[in-house]
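# Summary of structural features
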Amino acid sequence: MGSWPKDVGIVAIEIIFPSQYVDQTELEEYDGVTAGKYTIGLGQQRMGFCSDREDINSLCLTVVKKLMEKHGIQYSDVGRLEVGTETIIDKSKSVKTVLMQLFEPHGVTDLEGVDTTNACYGGTAALFNAVQWVESSAWNGRYALVVAGDIAVYAKGSARPTGGAGAVAMLVGPNAPLVLDRGVRATYVKHAYDFYKPDLTSEYPTVDGKLSIQCYLSALDNCYQLFCKNVAKNYNTKVTLDYFDSVLFHSPYCKLVQKSLARLALNDFVNAPENKRQELFPGSEAYNNVSLSNSYFDRDLEKAFLGYSKEAFSKKTSPSLLIASQVGNMYTPSLYGGLVSLLISKDISQLAGTKVGLFSYGSGLAASLYTISVSKDCNEASPLFKLVSSLQQIKPLLQRRQKVAPEKFEANLELRERNCHKAPYEPSGSIDHFFPGTYYLTKIDDLHRRFYARIPVAANGHA
């Protein structure tokens, strides 16, 4: 048996998001809710949304083309392509096969992988599959390409402000600057109806909000406890929040992420010897007999551990929430939007050599907690420097988006709702606001076949 390729992980990463957004403060006023309900209660500032010119195919076409062009990747250098999405527009044909129109002109048709679906977890499953392919006997020496994309929209009501949209593409291979650690990954999967999409004629999910939060936190508890055991078994190391330099979470909304880090602090409290608890968590005597499984909605407990973890949140997690707060929940790309946010929110010298914890959750449910080791080498010729430098246009691009009034946002969602799965269909949305290089839908014919065009790329090759 041969040895594993060295340092398998993420070699390059790209993200795209809609060029239009609605301001959450304005949406609060428009919806007639208490000021701060969305901005403070949910932790959301802006929400990106798609017009009827955009679908899951156009998002994924855009992000793949952008990554390949920006990094100068030859299409023949990719041997696996897998898409994680829950935005289903066809019950048979995969989004991956649509992306093949980028590869076919280059004579590339030998690409393994198709679509992977389970709510917001599909992107992580695709990433794991890609890493495992590179580390397997099936690997042919080429890169794997992972695409995660979704359009998150909700029926009118309290869940609508937690929408969003976007796509992430990740190039996976050896000698990567972001290495997925072996032997420690923890996974938790069980049956639950917390969030699901049984109506195939609608974009909107069926959501049990309270159950969804309970499932998310329960999955986090279980994954963290198993992760601690795996690290202790394989590396004889005790895990607490101090083990991680950064901790990233799937982000349905930013406030839940803050509560999730507090939840890990609670797990550390439960795992600590009783005679050490007061030293680590002063004034916590009242919680000595706490049960993880019975504490999901204990407000006093939550408040206490939000306090205990406040400094850790500021250092380890807050930098990962830039895109989530500005774009919203992207479903499968959400966690990886957090990774991009971390990479553009810290100086490269602060990133080099660090350990990043990532928690991925998809309703229904499937979840994993794993870690990435960031390369120690950050000089200007290093893969890490190249990866981080390639993301420097993200912050300016967020500022270049077009703000849309809440009533126009509402009308846009009504248009999508009326024409969901309609064929034939001629989209009516403007293309004037799209960033250069964006693919968009031109028509759907009477056989439900979709056709796309692309906004020309600027002369300098940048969006």
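My aim in this report is to walk through the structure given alongside it, one point at a time. (Residues numbered from 1 in each chain as written. Predicted model: local features only at pLDDT ≥ 70, side-chain atom pairs only at ≥ 80, totals over all residues. Heavy atoms only, no water.)

### Some words on the pattern of salt bridges
Should the charged atoms of two oppositely charged side chains come close, the side chains can pair. By the definition in use, this model includes 19 salt bridges. Of the charged contacts in the structure, one is a salt bridge between arginine 416 and glutamate 203, with a shortest N-O distance of 2.8 Å. Linking arginine 416 in helix α15 (residues 406-419) with glutamate 203 in the loop between β10 (195-196) and β11 (206-207), this pair joins segments that are 213 residues apart in sequence. Judged by relative accessible area, which is 10%, arginine 416 ranks as buried. Between lysine 276 and glutamate 279 there is a salt bridge, with the nearest N and O atoms lying 3.9 Å from each other. Note that lysine 276 and glutamate 279 are positioned in helix α7 (residues 274-280) at a spacing of three residues, about one turn of the helix. For glutamate 279, a relative accessible area of 58% puts it in the exposed group. (Salt bridge = Lys/Arg side-chain N within 4 Å of Asp/Glu carboxyl O. Helix = DSSP H or I, 4+ residues; strand = E, 2+ residues; numbered from the N terminus. Buried < 20%, exposed > 50% of the residue type's maximum accessible area, 1.4 Å probe, protein only.)

### Some points on the sheet that holds strand β3 (residues 46-48)
With respect to topology, three strands assemble into an open sheet ordered β3-β2-β15, the strand pairing being mixed. Looking at strand neighbours, the two that pair on one side only are β3 and β15 (402-403), the edges of this open sheet. Pairing of strand β2 (residues 20-23) with β15 involves two bridges; the strand directions are parallel. When the bridges of β15 are listed, tyrosine 21 appears paired with lysine 403. (Pairing = 2+ DSSP bridges.)

### Quick word on the packing of helix α2 (residues 56-71) against helix α3 (residues 95-103)
It is at 10 Å that the axes of α2 and α3 come closest, and there the two elements cross at 40°. Considering their axes alone, α2 and α3 lie oblique with respect to each other. You can see that α2 and α3 cross each other, and the crossing is right-handed. Contacts between α2 and α3 involve Ile56, Asn57, Cys60, Leu61, Val64, Lys65 and Met68 from the first element and Val95, Val98, Leu99, Gln101, Leu102 and Phe103 from the second. (Axes fitted to C-alpha atoms, helices over the stretch in contact; angles between N-to-C directions. Parallel < 35°, antiparallel > 145°, perpendicular 65-115°, else oblique. Left-handed = near helix turned anticlockwise from the far one by under 90°. Contact = heavy atoms within 4.5 Å.)

### Describing empty space enclosed by the protein
Counted under the stated rule, the structure contains three cavities of 30 Å³ or more. The calculated volume of the largest cavity comes to roughly 110 Å³. Lining the largest cavity, in full, are Leu217, Lys259, Ala262, Arg263, Leu266, Ser295, Tyr296, Asp298, Leu301, Glu302 and Phe305. Of all the secondary-structure elements, those providing two or more residues to the lining of the largest cavity are α6 (254-271) and α8 (299-308). Looking at the lining of the largest cavity element by element, the count peaks at four residues for α6. Of the residues assigned to the lining of the largest cavity, the class counts are six nonpolar, one polar and four charged. Taken as a whole, the second largest cavity holds about 60 Å³ of empty space. Along the wall of the second largest cavity there are 13 residues; nearest its centre are Met47, Ala152, Val153, Gly164 and Phe409. (1 Å grid on protein atoms, 1.4 Å probe; cavity = no way out; pocket = protein on both sides within 12 Å on 5 of 7 lines; lining within 4 Å. Points joined across faces, edges and corners; volume = space filled by probe spheres on them. Nonpolar A, V, L, I, M, F, W, Y, C, P; charged D, E, K, R; others polar.)

### Some remarks on the pairing of strand β9 (residues 186-189)
Only one face of β9 is covered, namely the face carrying Ala186 and Tyr188; the face carrying Thr187 and Val189 is uncovered. Sheet topology note: the β9/strand β14 (residues 366-374) ladder contains four bridges and is antiparallel. By the bridge assignment for β14, alanine 186 is matched with leucine 369.

### Here we look at the packing of aromatic side chains
A full pass over the atoms with the stated rule returns 21 aromatic pairs. Relative to phenylalanine 103, the ring of tyrosine 75 lies with its centre 4.9 Å away and its plane at 90°, an arrangement referred to as edge-to-face. You can see tyrosine 75 sitting in the loop between α2 and β4 (78-84) and its partner phenylalanine 103 sitting in helix α3, a full 28 residues away along the chain. The exposure class of phenylalanine 103 is buried, given its relative accessible area of 0%. Here phenylalanine 227 and tyrosine 243 contribute two aromatic rings whose centre-to-centre distance is 6.0 Å and whose plane-to-plane angle is 70°, an arrangement assigned as edge-to-face. Taken together, the residues phenylalanine 227 in helix α5 (residues 209-235) and tyrosine 243 in the loop between α5 and β12 (246-249) connect sequence positions 16 residues apart. The exposure class assigned to phenylalanine 227 is buried, which follows from its relative accessible area of 0%. An aromatic cluster of three or more residues is present, and its members are Phe269, Phe281, Tyr287, Phe305 and Tyr308. In this structure, lysine 210 packs its charged tip against the face of phenylalanine 297, placed 4.9 Å from the ring centre. (Phe/Tyr/Trp six-rings, centres within 6.5 Å; stacked < 30°, edge-to-face > 60°. Lys NZ or Arg CZ within 6 Å of the ring centre and 35° of its normal.)

### Some words on helix α9 (residues 310-317)
Taken together, the buried positions of α9 are occupied by Ala312, Phe313, Lys316 and Thr317. All buried residues of α9 project into a common sector of 100° when viewed along the axis, lining one side. With respect to the buried face of α9, the exposed residues turned more than 90 degrees away are Lys310, Glu311 and Lys315. Elements that come into contact with the buried residues of α9 comprise β12 and α6. (Arc of directions from axis to C-beta.)

### A short note on the nonpolar core
Counting 95 residues, the largest nonpolar core has Phe103, Leu145, Phe305 and Phe359 as the members making the most contacts within it. With 10 residues, α5 is the single largest residue contributor to this core. In contact with phenylalanine 103, not counting residues within four places along its chain, are Val64, Met68, Tyr75, Val78, Leu81, Val108, Leu111 and Leu145. (Core = buried A, V, L, I, M, F, W, Y, C linked by side-chain atoms within 4.5 Å.)

### Here's the deal with α15
Owing to its 3.6 residues per turn, the α-helix aligns residues three or four sequence positions apart on the same side. For α15, built from 14 residues, the straight-helix expectation of 20 Å at 1.5 Å per residue is met to within 8% by its first-to-last C-alpha distance of 20 Å. Where α15 is concerned, the buried positions are Pro406, Phe409, Glu410, Asn412, Leu413, Leu415, Arg416 and Asn419. Among the structural elements, β2, α1 (24-31), β3 and β6 (143-152) are those in contact with the buried residues of α15. Looking one or two residues past α15, histidine 421 carries a phi angle of roughly 65°, positive in sign. (Expected span 1.5 Å × (residues − 1).)

### A few points about the side chain of threonine 124
Along the chain, the position of threonine 124 falls in helix α4 (residues 122-134). Looking at threonine 124, its side chain comes within polar contact range of the side chain of tyrosine 336, at 2.6 Å. Leave out the neighbours within four places in its chain, and threonine 124 touches Leu335, Tyr336, Ser360 and Tyr370. (Polar contact = N/O pair within 3.5 Å; in protein donor to acceptor, adjacent residues only side chain to side chain.)

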